[in-house]
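If you want the building blocks of each chain, they are given just below.
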Amino acid sequence: MFGWIIKRDLLLAMRRQSDVLTTLFFFIIVVSLFPLSVGPEMNMLRTMAPGVVWVAALLASMLSLGRMFSNDYLDGTLEQMLLSPQSLSLLVLGKALAHWLVTGVPLVLMAPILGIQYDLPAEALYVLTTTLLLGTPVLSLIGSIGAALTLGLRGGGVLVSLLVLPLYIPVLIFGAGAVEANMAGVGFNAHLSLIGAFLLVSLVFAPWATASSLRVSLE
Amino acid sequence: MAINWFKYSSPASFYFLAGKMIPIFVFAAVILLIAGLYVGFFVAPTDFQQGEAYRIIFIHVPAAWMSMFLYVVMAFWAGIGLAFNTRLSSMFATAIAPTGAMFTFIALWTGALWGKPMWGTWWVWDARLTSELILLFLYIGFMSLQAAIDDPRRADKAGAIIALVGVVNIPIIYFSVQWWNTLHQGASVSINQAPSMATTMLMGMLIMVLASWMYSIAVILKRARVIILERESHTAWVAELRKKGAEQ
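The model shown is predicted, which means the values in this text are computed figures rather than measured ones. (Residues numbered from 1 in each chain as written. Chains lettered and ligands numbered in written order. Predicted model: local features only at pLDDT ≥ 70, side-chain atom pairs only at ≥ 80, totals over all residues. Heavy atoms only, no water.)

Quick notes on the overall build of chain B
Keep this limit in mind: Each helix is a run of H or I in the DSSP string that is no shorter than four residues. Each strand is a run of E no shorter than two, and both are numbered from the N terminus. The buried label goes to any residue with under 20% of its type's maximum accessible area, the exposed label to any with over 50%, and the partly exposed label to all in between, with areas taken from a 1.4 Å probe on protein chains only. Note on contacts: a residue pair is in contact if any heavy atoms of the two residues lie within 4.5 Å. Computed by Shrake-Rupley with a 1.4 Å probe, the accessible areas treat only the displayed protein chains as cover when residues are assessed. Positive charge is attributed to Lys and Arg, negative charge to Asp and Glu, and no charge count is given to His or to the chain ends. Each charge is placed at NZ for Lys, CZ for Arg, CG for Asp and CD for Glu.
Scanning chain B from terminus to terminus reveals seven helices and zero strands. Each helix (α) and strand (β) of chain B, taken in turn from the N terminus, gives the series α-α-α-α-α-α-α. The proportion of buried residues among the 248 residues of chain B is 44%. A fraction of 78% describes how many contacts in chain B between residues 6 or more apart in sequence connect residues 24 or more apart. Carbon and sulfur atoms provide 71% of the accessible area of chain B, an area that totals close to 13,200 Å². Of the side-chain charges in chain B, 16 are positive and 11 negative, and the distance between the mean point of each set is 6 Å.

Remarks on the environment of Glu52 of chain B
Residues and elements named next belong to chain B. For Glu52, the location among the structural elements is in the loop between α1 (11-43) and α2 (57-84). Classification of Glu52 by relative accessible area gives partly exposed; the value is 46%. Each C-alpha atom, one on Glu52 and one on Phe41, is 9.1 Å from the other, the two residues being 11 residues apart in sequence.

A closer look at the interface of chain A and chain B
It is common to give the size of an interface as the accessible area that goes away when the parts come together. For the record, the criterion: Two parts placed together each lose some accessible area; with a 1.4 Å probe, that loss summed over both constitutes the buried area. Here a salt bridge means any side-chain nitrogen of Lys or Arg lying within 4 Å of a carboxyl oxygen belonging to Asp or Glu. Pairs of N or O atoms are called polar contacts if they sit within 3.5 Å, as long as, within protein, a hydrogen donor faces a hydrogen acceptor (for residues adjacent in sequence, only side-chain-to-side-chain pairs). Each residue gets one of three labels, nonpolar for Ala, Val, Leu, Ile, Met, Phe, Trp, Tyr, Cys and Pro, charged for Asp, Glu, Lys and Arg, and polar for the others, Gly among them.
Contact with chain A, which involves 26 residues of that partner, is made by 25 residues of chain B. Both sides of the chain A and chain B interface together cover about 2,300 Å² of buried area, and 76% of this is carbon and sulfur. Put simply, chain A and chain B have zero salt bridges between them. On inspection of chain A and its partner chain B, the count reaches three residue pairs in polar contact (both at pLDDT 80 or more). Counting only elements with at least two residues in the side of chain A that touches chain B, the list comes to α7 (122-149), α8 (156-183) and α9 (189-217) of chain A. Among the elements that take part in the side of chain A that touches chain B, α8 of chain A stands out by supplying 10 residues, more than any other. Partitioning the side of chain A that touches chain B into residue classes produces 18 nonpolar, five polar and three charged.

Points about the packing of helix α6 (residues 88-117) of chain A against α9 of chain A
Residue and element names in this part refer to chain A. What counts here: Lines fitted to C-alpha atoms define the axes, with helix axes restricted to the stretch in contact, and inter-axis angles between N-to-C directions lie between 0 and 180 degrees. Angles are sorted into four bins: roughly parallel if under 35 degrees, roughly antiparallel if over 145, roughly perpendicular if 65 to 115, and oblique for all others.
Running from N to C, α6 and α9 point in directions that differ by 110°, and their axes come no closer than 8 Å. Between α6 and α9, the interaxial angle falls into the category roughly perpendicular. On α9, the residues touching Leu88, Ser89, Val92 and Leu93 of α6 are Leu203, Pro207, Trp208, Thr210, Ala211, Leu214 and Arg215. Looking at the contact of α6 with α9 residue by residue, the class counts come to eight nonpolar, two polar and one charged.

Remarks on empty space enclosed by the protein
Formally: Points on a 1 Å grid, built from protein atoms alone, make a cavity when a 1.4 Å probe fits but cannot get out and make a pocket when they are open with protein on both sides within 12 Å along at least 5 of 7 lines; residues with an atom within 4 Å of a point are the lining residues. Grid points are joined across faces, edges and corners, and a volume is the space filled by probe spheres set on the points.
According to the stated counting rule, one finds one cavity of 30 Å³ or more in the structure shown. What the largest cavity holds in volume is close to 70 Å³. Lining the largest cavity we find Leu162, Leu163 and Leu167 of chain A together with Tyr71, Phe137, Leu138, Gly141, Phe142, Ile162 and Gly166 of chain B. When residues of the lining of the largest cavity are traced back to their parent elements, those giving at least two are α8 of chain A together with α4 (127-148) and α5 (152-184) of chain B.

Details of the environment of Phe175 of chain B
Looking at the secondary structure, you find Phe175 of chain B in helix α5. A sequence separation of 44 residues divides Phe175 of chain B from Ser131 of chain B, and the C-alpha atoms of the two residues are 9.2 Å apart.

Focus on the pattern of salt bridges
Under the definition given, this model contains 10 salt bridges over all chains. As a salt-bridge pair, Arg16 of chain A and Asp19 of chain A come within 3.5 Å of each other at their nearest N and O atoms.

Section: the environment of Val179 of chain A
Within the secondary structure layout, Val179 of chain A lies in helix α8. Once you skip the residues sitting within four places of it in the chain, Val179 of chain A turns out to touch Pro50, Ala124, Val127, Leu128 and Thr131 of chain A.

Notes on the packing of aromatic side chains
Residue and element names in this part refer to chain B. As a reminder, the rule being used: Stacked, tilted and edge-to-face pairs are distinguished by plane angle, under 30 degrees for stacked and over 60 for edge-to-face with tilted covering the rest, among Phe, Tyr and Trp rings (Trp via its six-membered ring) whose centres lie within 6.5 Å. By definition here, charges over rings are those cases where NZ of Lys or CZ of Arg is within 6 Å of the ring centre and within 35 degrees of the ring normal.
Counted by the stated rule, this structure contains 12 aromatic pairs over all chains. Between Tyr15 and Trp237, the ring centres sit 5.4 Å apart and the planes meet at 55°, which makes this aromatic pair tilted. Here Tyr15 is found in helix α1, whereas its partner Trp237 is found in helix α7 (residues 236-247), with 222 residues between them in sequence. One exposure class covers both Tyr15 and Trp237, and it is buried. On the basis of an interplanar angle of 90° and a centroid distance of 6.1 Å, the ring pair of Phe103 and Tyr215 is categorised as edge-to-face. You can see Phe103 sitting in helix α3 (residues 87-119) and its partner Tyr215 sitting in helix α6 (residues 199-231), a full 112 residues away along the chain. The exposure class of Phe103 is buried, given its relative accessible area of 6%. On the basis of relative accessibility, which here comes to 33%, the residue Tyr215 falls in the partly exposed class. A connected cluster of aromatic rings, assembled from ring pairs, spans Phe14, Phe76, Trp77 and Phe92. Taking the ring centre of Tyr15 as reference, the NZ or CZ of Arg225 above it sits at 4.1 Å.

Observations concerning α2 of chain B
Put simply, the test is: One fewer than the residue count of a helix, multiplied by 1.5 Å, yields its expected span.
The terminal C-alpha atoms of α2 of chain B lie 40 Å apart, and with 28 residues this matches the ideal 40 Å at 1.5 Å per residue to within 8%. Taken from the residues just after α2 of chain B, Asn85 of chain B is the one with a positive phi, measuring 60°.

Here is the structure:
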């Protein structure tokens, strides 16, 4: 069932590739706007890069949250999922994972190229990609709570950002912090461990909170 | 004599109990506020380091305490409402949120006013300031989620989930911000080691804390009463109340 839902969501995403590409291009455009707004001085860009890439990843991941449940909600699939004897938390975990595969992984793959634009050294590029790889699933998992709560509401998209962005802050701090620590010549293992801890905690609790939010929203 | 506490978990009987309690708390709040401000502004000595500017702590510290405490209370009542499906608990959580947000705002605002003469800047990205700001975001998220949902029962439950998620996250956010701050070494100010206070200063502050408590209770009860009336407007007892009001 878990595998089935991932496969189904991936298939749906493949049929509508424009959605995936829109998120990716949003990410690229936001990152490319910063040099235009603050000037092309390389030293400054290098120090800004981790923060800029991370904030853009946060926004891109958040903007695509609306799609996580809304299509299934509109055509009634979600209701059937709620009625199914399978554990709803597991289904939700599958959907969050599919969301990460569709939106998170392209961001992770794109990040090193954008890092080169900002003249990051090779090792920092590696750290940036690793932190994004660990951190973007947390964004999808926490975001699923917000997406479930705002299902079918007026102005749900803006509301999701109000609910979810404050909760993203720890991931942002340690994700960007790891890259900065690496560039300053300090160890970044502690940062990675903490992001890993966030991932484990959100893997356990977020699907459960999302499942109860879905029950509330579809009552 | 055993009191049946559960009687007051019904909105109808709580409405009248709250109506009797509000004047008491308003009275206590006014008395304590006057006493606290008097002690704060006339009795407490001038601080030899900070001069007169320190007196803002008589408002700032109580507001900061209340802002954090009220969030926990709000999440507690919201959680009770979610778990036991008690309407009044959820109404209470809804009633607490605006007061908590107001205290958070006051804490930030007075902090900025104090920071300007002391640190020479309105705002520093200190760990405490930043987490207080994030707390304000959490309050705003809770209130706007509830405002966006038309069905009150769904609003209660959705609000409860986001409040509980927030309460789990507050320690994580707080420690992240603190660690981030020590990493950056940005602001060279430290407000961690508070200088020992004169007794009268401490007294003034504690009286002000009590005043904020009384004020919060009074305002929250009042707001809960309004929410009860709004949600129970279809019931017989509210209709009767309305008729009585029209006759007077």
